[in-house]
Amino acid sequence: MSQRLRKTLFSLLAVLFAAAPIAGQAALADDHEPPKRTITINGKGSVKAAPDKVSVSAGVETQAPTAKEALARNTDAMTKVVEALKDAGIDPKDIQTTTFNVSPRYENRDDGKPARIVGYSVINSVFVTSHDIGKLGAILDQLVSAGANSIGGISFDIDKPEDKQNDARKAAMADAIAKAKLYVEAAGAELGPVMTITEQGGYVPRTMAAPMMEASGAAKPVPIEAGTESVDIEVQVTWELE
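Residues numbered from 1 in each chain as written. Predicted model: local features only at pLDDT ≥ 70, side-chain atom pairs only at ≥ 80, totals over all residues. Heavy atoms only, no water.

(A) Structural context of the overall build of the protein chain. Broken down by element type, the protein chain carries four helices and eight strands. Out of the 242 residues in the protein chain, the part that is buried amounts to 31%. If you take every contact in the protein chain between residues at least 6 apart in sequence, the share linking residues at least 24 apart comes to 83%. When the accessible surface of the protein chain is totalled, it reaches about 15,400 Å², and 54% of it is carbon and sulfur. (Helix = DSSP H or I, 4+ residues; strand = E, 2+ residues; numbered from the N terminus. Buried < 20%, exposed > 50% of the residue type's maximum accessible area, 1.4 Å probe, protein only. Contact = heavy atoms within 4.5 Å. Areas by Shrake-Rupley, 256 points an atom, 1.4 Å probe, with all protein chains shown as cover.)

Structure, rendered in C-alpha cells:
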C-alpha cells in the first residue's frame, strides 16, 4: 500500500472516531427528551336539509301453469307499469331494471314422493328515481293502477350532498375546537398546532317502508311526507399542547 493511500485512510478513520461521540451524545439527548403533551377531542356537526330526490322499487310478479304463459303475462303487466312511469314524467334514464327471475313453483306431496312442479313464477322489478318529491303519491297510485303488485322501500335523498357535508365538517371542527379550548383553559395550558384530524360518519339516505295499497289503486294520491334529511359528520382532532 502506498504511503499516500495509507495517509488518506488514517485521515478518514480519524474523522469517523471523532464524530462517533457526538452522534452518541445526540442520540442520548433524544432518548431523554420528554414526550409531547397532547389533547384529543371529538367534534360533531349536523346539517338539516329537505330531500330533493326520492327512489322506490316497483315490480310485477305473475304466476301461470307454464313458464311461457307466466312470462307473457308478466311482460304485458310490466310494460304497462313502465309506460305509467313515463306518463308520470319519469325520465327513462331514471328507470332501471333490478330484478328479473323465472322460477318453478313446487307442490309437496303427502305420499312421500318428490315435490312436483305445478307452475311457474316470473318477477320483474325496476328501481325508479324521481327528482320531484311532490309527485311521489301520484306515482305510487299510478304504479298500482297499472298492475304493480310489489313495491319496495322508499328512499329519500339529497341529490348533491357535498355542500351540506362541507357545512357539517365546518360545524364538527368548530365543535372540537370549542371543547378543546375549554379543557385547555381549565388545565392552564394553551393549544398548539394540530397534529392529526380524522373524519367519521357521512351522509346516508333515509329509507322507509312502502305503504300498503289496494290492487285496484287508491282513490287519491297516497300522502307521503318527505321530512328532512340529516347530514352528520364527526371528527377526531389531536393538538399539541404548549
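Having seen the structure, we can now continue with the description.
(B) Focus on the sheet that holds strand E8 (residues 229–241). Taken in spatial order, the three strands make up an open sheet running E1-E8-E6, and their pairing is antiparallel. At either margin of the open sheet sits one strand with a lone partner, and together these are strand E1 (38–49) and strand E6 (191–202). Geometrically, the sheet is characterised by an average inter-axis angle of 20° between neighbouring strands, direction not taken into account. Where E1 lies against E8, twelve bridges are found, and the strand directions are antiparallel. Bridging across to E8, Thr40 finds its partner in Thr238. Across the sheet, helix H4 (residues 162–187) lies against E1, E6 and E8, angled at about 145° from E1, the strand it touches most. (Pairing = 2+ DSSP bridges. Axes fitted to C-alpha atoms, helices over the stretch in contact; angles between N-to-C directions.)

(C) Up close: the environment of Lys164. With respect to the helices and strands, Lys164 occurs in helix H4. Relative accessible area serves as the criterion here: at 30%, Lys164 is assigned to the partly exposed category. With 39 residues separating them in the primary sequence, Lys164 and Tyr203 have C-alpha atoms 9.1 Å apart. Once residues lying within four places of it in the same chain are set aside, the contact partners of Lys164 are Val47, Ala49 and Val231.

(D) Representation of the side chain of Ser130 within the structure. With respect to the secondary-structure elements, Ser130 resides in strand E4 (residues 116–130). From its side chain, Ser130 meets the backbone oxygen of Asp132 in a polar contact 3.1 Å long. Once residues lying within four places of it in the same chain are set aside, the contact partners of Ser130 are Lys53, Val54, Ile90 and Ile139. (Polar contact = N/O pair within 3.5 Å; in protein donor to acceptor, adjacent residues only side chain to side chain.)

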